[in-house]
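Chains, contacts and geometry: an overview
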Amino acid sequence: MSTRAVFVGILIAFVFIVMIFFILFGQITVRKLRKNPETKQALGIEFASGLDILNVAQALTLPKSVAQKIRNNPTGALHADPDLLYKYTTLLDRILARVFYALFVLTGTGGIVLVILSWFGDFD
């Protein structure tokens, strides 16, 4: 088995884990926030189905200062409100958000790195 096949297999395994965390986080945390009338409008704009799950995970994962800078941006209405979300989430929700978002970002970055390395011919 080639090195590229091993790395692609590991990446596919991480994508599967990310999909499981996406569903868990959406069902456990975001569903609760959607049902709450105070937080329903604070989840960010959902251009595609499930994008609010990523918005909430990002707002709960990033440091509050960075999340506030994003929120105060001209496009801030597209993102979730971190202050309100912290008020209505538990420690378990925040841990789940951080694990999910970290795996999501690492998997995406890993896929990009694999494509670039393959493009430069490092796996030949």
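Model, not experiment: these values are computed from the prediction.

1. Regarding the packing of aromatic side chains
- Applying the stated criterion across every chain yields a total of five aromatic pairs.
- Centroid distance Phe22 to Phe100: 5.8 Å. Interplanar angle 55°. Geometry classified as tilted. Pair noted here: Phe22 is in helix H1 (residues 3-35) and Phe100 is in helix H5 (residues 91-119), with a separation of 78 residues, a long-range link.
- The partly exposed category is assigned to Phe22, whose relative accessible area is 28%.
- Ring centres of Phe100 and Phe104 lie 6.0 Å apart, and the angle between their planes is 40°; this geometry places the pair in the tilted category. Residue Phe100 and its partner Phe104 are both found in helix H5; the two are separated by four residues, about one turn of the helix.

Reading the values: rules and limits
- Residues numbered from 1 in each chain as written.
- Predicted model: local features only at pLDDT ≥ 70, side-chain atom pairs only at ≥ 80, totals over all residues.
- Heavy atoms only, no water.
- Phe/Tyr/Trp six-rings, centres within 6.5 Å; stacked < 30°, edge-to-face > 60°.
- Helix = DSSP H or I, 4+ residues; strand = E, 2+ residues; numbered from the N terminus.
- Buried < 20%, exposed > 50% of the residue type's maximum accessible area, 1.4 Å probe, protein only.

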